[in-house]
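Fold and contact review
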Amino acid sequence: MRVTRKAAALGAATAVLAGGMFIAGPAVAAPVAACTGDQLSATGADRAGSDRVRFTVVNTGPTCELRGFPTVAPAGQGSPDRNKPLRVIPRGEARPVLLAQGGTASTLLTFTPVLGEADGYCASGADPTLAPSLVVGIAGMGFQVAPSDGGRFALCGDTVRATAFRS
C-alpha cells in the first residue's frame, strides 16, 4: 500500500489530536494599530530649562503604537490657524512606543534660546519669536499647548530639535 505525503501528514496530525496533545508553531502577536490623534490627549508643555519643553500625550483609547517625531509651530497670536511651522531636527532614533490605555509618551523640544533680559535678542541678529502657545502635531492631530508656567515661548530662528517619542 502506497501512502502519499499529504495522507501521512493528515494521519500524524489526527493521531496527535486524538491523543489529546496539540503541537503548534510559535505564537505570532497581532499587529498593534497606530495611534490616532482622536485617542491622544495632551497634558501640556512643561519647561525643562530655559530653552527646552517636554510635551506629553496620554492614550485615552485602546492600546496603540506611537512612532516618530512631532511637528512644531509657534501659534501666531495664540491661534493655531495662524502658526508658522518650524523645521524639526530629529534627535535620536524613532522606535515604536506601545501605549496601553492611560499610557504616556513624551518628546523633548529644544529651541535656540533668546539671549539677554526683558525683550532679549538673538545671537544671529534676527528678531526673537514670541508666542503664547505652540501647536504640536502628532498622529495627524495638532495640539495647542501653553507653557506650564503661564509664560510665553521665546525662540530664535526657525528650527527646533526634537527627540523621538518615548514612554
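In case you missed it, the structure is sitting above this.
Now for a look at the structure at hand. (Residues numbered from 1 in each chain as written. Predicted model: local features only at pLDDT ≥ 70, side-chain atom pairs only at ≥ 80, totals over all residues. Heavy atoms only, no water.)

Spatial ordering of the open sheet is given by β4-β9-β10, a layout of 3 strands whose pairing is antiparallel. The open sheet has two edge strands with one neighbour each: β4 (71-74) and β10 (141-145). Here the strands of the sheet are splayed against their neighbours by 20° on average, with no regard to which way each runs. (Pairing = 2+ DSSP bridges. Helix = DSSP H or I, 4+ residues; strand = E, 2+ residues; numbered from the N terminus. Axes fitted to C-alpha atoms, helices over the stretch in contact; angles between N-to-C directions.)

Right, let's talk about the nonpolar core for a bit. One broad trend across soluble globular proteins is that nonpolar side chains are buried collectively. Ranked by size, the top nonpolar core spans 25 residues in total, and within it Leu66, Leu109 and Phe111 carry the most contacts. In terms of residues, this core owes the most to one element, strand β11 (residues 153-163), which gives 4 residues. For Leu109, the residues in contact, after removing those within four places along its chain, are Asp51, Arg52, Val53, Phe55, Pro70, Val72, Leu134, Val136, Val160, Arg161 and Ala162. (Core = buried A, V, L, I, M, F, W, Y, C linked by side-chain atoms within 4.5 Å. Buried < 20%, exposed > 50% of the residue type's maximum accessible area, 1.4 Å probe, protein only. Contact = heavy atoms within 4.5 Å.)

Attention shifts here to the pattern of salt bridges. Under the definition given, this model contains 4 salt bridges. In this structure, the salt-bridge partner of Asp51 is Arg52, at a minimum N-O distance of 3.5 Å. A relative accessible area of 31% means that Arg52 is categorised as partly exposed. The shortest N-O distance in the salt bridge between Glu93 and Arg95 comes to 3.7 Å. In this structure Arg95 comes out as partly exposed when scored by relative accessible area, which is 46%. (Salt bridge = Lys/Arg side-chain N within 4 Å of Asp/Glu carboxyl O.)

This next bit is on unusual backbone geometry. Residues apart from glycine generally show negative phi values, whereas peptide bonds are mostly found in trans. Positive phi, normally seen in glycine, also occurs at Ala139, with a value near 55°. Position of Ala139 among the secondary structure elements: in the loop between β9 (134-138) and β10. The class of Ala139 is partly exposed, set by a relative accessible area of 30%.

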